[in-house]
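What follows is each chain in one-letter form.
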Amino acid sequence: MGMSRGVAVVTGASSGIGAATARRLAAEGYEVVAAARRRERLDELAETTPGIRAVTLDVTSPESIAELAAALDDIAVLVNNAGGAVGVEPIERADPADWQAMFDTNVLGVLRVTQALLPALERGAGGHVVVTGSIAGHLVYEGGAGYTAAKHGATAFVETLRLELNGRPVRVTEVAPGMVHTEEFSLVRLRGDAEAAERVYAGVENPLTAEDVADCIAFAVTRPAHVNIDLLVVKPLAQAAPHKVARTS
Ligand code: 8X3
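Here goes a summary of the coordinates provided. (Residues numbered from 1 in each chain as written. Predicted model: local features only at pLDDT ≥ 70, side-chain atom pairs only at ≥ 80, totals over all residues. Heavy atoms only, no water.)

Helices and strands together make up the secondary structure of the chain, namely 8 helices and 9 strands. Against the compact-globule benchmark of 18 Å for 249 residues, the chain has a radius of gyration of 17 Å, which places it among compact chains. Taken along its principal axes, the extent of the C-alpha atoms in the chain is 50 × 35 × 35 Å. Nonlocal contacts in the chain, meaning residues at least 24 apart in sequence, comprise 68% of its contacts between residues at least 6 apart. With the model as given, the accessible surface of the chain reaches about 11,900 Å², and the carbon-plus-sulfur share is 54%. Of the charged side chains in the chain, 22 are positive and 31 negative, and the gap between their average positions amounts to 4 Å. (Helix = DSSP H or I, 4+ residues; strand = E, 2+ residues; numbered from the N terminus. Rg over C-alpha atoms; globule rule 2.2 N^0.38 Å. Contact = heavy atoms within 4.5 Å. Areas by Shrake-Rupley, 256 points an atom, 1.4 Å probe, with all protein chains shown as cover. Lys, Arg positive; Asp, Glu negative; His and termini not counted. Charge placed at Lys NZ, Arg CZ, Asp CG, Glu CD.)

As structure tokens, then:
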């Protein structure tokens, strides 16, 4: 093993893109703090992967975030990954509570955690804020308004933060994936309907995996400190747009 690249905090690390990113950054030589609500999953991740430490975190709770911040000295990377989609109803039938939940994690969660960890990101040799965005942050589609609005919010956050931190040693990157086949994203979005969740990926040859997205995040953070990757949009070959997906069946 080479020298440590420093501490990398990954939120939403209990599954999917977050867990894959925690594993990948550990393999790249970071001391990874894997943060999420579900402690048992994190403990399993930490026990099976050298270089990962589990920390319980709820990105909707300022107290929980303050506890995390107090436990960290300087950090090299913050991957704001916690978030997701709830519901696919059109606007006329959408539940404001779903929108609120999506804004709370995808937008306000990113704000809260970034605010709390910025001092630690600036303390060391230079920091890097990464946000797991989405193609939904760059375009819209029917039934996706709450999620696309939230992810557009996350994109606005990233773009504004980069302007405001100009001249300071903190890089700011958005990684915006399209269709990624993870265990939970569509299941949560479709309120636990496993069959409907599987239909999202039916006949799609090789949707992205969580590891594909982790690979993009690892690429961005391992560039030299003066290289800022602003935005990486990544989709499977089979997906030209959210609604334009080649299917074999
Ligand atoms: C998920 C991608 O296409 O469902 O962030 O909006 S999509």
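One finds Leu25, Tyr30 and Val32 to be the most contacted residues of the largest nonpolar core, which totals 32 residues. Mapped onto this core, the elements with two or more residues apiece are strand E1 (7-11), helix H1 (16-27), strand E2 (31-36), helix H2 (39-48), strand E3 (52-56), strand E4 (77-80) and helix H8 (210-221). If we ignore the near neighbours within four places in the chain, the residues touching tyrosine 30 are Arg5, Gly6, Ala8, Leu25, Gly51, Ala76, Val77, Val221 and Thr222. Ranked by size, the runner-up nonpolar core spans 29 residues in total, among them Ala35, Val59, Ala120 and Val170. (Core = buried A, V, L, I, M, F, W, Y, C linked by side-chain atoms within 4.5 Å. Buried < 20%, exposed > 50% of the residue type's maximum accessible area, 1.4 Å probe, protein only.)

What follows covers the site of the ligand. Neighbouring residues of the ligand: Ser134, Ile135, Ala136, Tyr141, Tyr147, Pro177, Gly178, Phe185, Arg189 and Gln239. Residue tyrosine 141 places a side-chain N or O atom 2.5 Å away from an oxygen atom belonging to the ligand. The protein chains hide 86% of the 240 Å² of surface that the ligand would expose on its own. (Near = heavy atom within 4 Å. Polar contact = N/O pair within 3.5 Å; in protein donor to acceptor, adjacent residues only side chain to side chain.)

The next thing to look at is helix H4 (residues 96-123). With 28 residues, H4 extends 39 Å between its outermost C-alpha atoms, agreeing within 8% with the 40 Å of an ideal straight helix rising 1.5 Å per residue. Along H4, the largest kink reaches about 45° and is centred on leucine 117; proline proline 119 follows within four residues of it. Three or more residues of H4 are buried, namely Asp98, Met102, Asn106, Val107, Gly109, Val110, Val113, Thr114, Leu117, Leu118, Ala120 and Leu121. Tucked into the core, H4 has its buried residues touching E1, helix H3 (62-70), E4, strand E5 (127-132), helix H5 (145-164) and strand E6 (170-177). Where H4 starts, the residue carrying a side-chain oxygen 2.8 Å from the main-chain nitrogen of alanine 97 turns out to be aspartate 95. (Expected span 1.5 Å × (residues − 1). Bend = angle between axes of the 7 residues up to and from the residue.)

So, on to the pattern of salt bridges. Counted under the stated rule, the structure contains 15 salt bridges. In this structure, aspartate 215 and arginine 24 form a salt bridge, with 2.7 Å as the shortest nitrogen-oxygen distance. Here aspartate 215 is found in helix H8, whereas its partner arginine 24 is found in helix H1, with 191 residues between them in sequence. (Salt bridge = Lys/Arg side-chain N within 4 Å of Asp/Glu carboxyl O.)

Moving on: the packing of H3 against H4. Helix-helix packing is characterised by the crossing angle of the two axes and by the distance between the axes. Interaxial distance between H3 and H4 falls to 9 Å at its minimum, and their mutual angle equals 30°. On the basis of their axis angle, the class for H3 and H4 is roughly parallel. Every pair of crossing elements has a handedness; the one defined by H3 and H4 is right-handed. The segment H3 lies against H4, with Pro62, Ile65, Leu68 and Ala69 engaging Arg112, Val113, Ala116 and Leu117. For the contact of H3 with H4, the class distribution of residues is 7 nonpolar, no polar and 1 charged. (Axes fitted to C-alpha atoms, helices over the stretch in contact; angles between N-to-C directions. Parallel < 35°, antiparallel > 145°, perpendicular 65-115°, else oblique. Left-handed = near helix turned anticlockwise from the far one by under 90°. Nonpolar A, V, L, I, M, F, W, Y, C, P; charged D, E, K, R; others polar.)

The subject of this paragraph is the pairing of E5. Counted residue by residue, E5 has 6 buried out of 6 residues, so it is predominantly covered. The alternating pattern of E5 places Gly127, Val129 and Val131 on one face and His128, Val130 and Thr132 on the opposite face, and all of these are buried. Handedness of the E4-H4-E5 crossover: right-handed. Relative to E6, E5 runs parallel, the two being bridged by 6 bridges. Bridging from a neighbouring strand, valine 129 pairs with valine 172 of E6. Crossover E5 to E6 through H5 is right-handed. (Right-handed = clockwise from strand over helix to strand, strands pointing away. Pairing = 2+ DSSP bridges.)

Everything listed is a geometric property; what it means functionally is a separate question.
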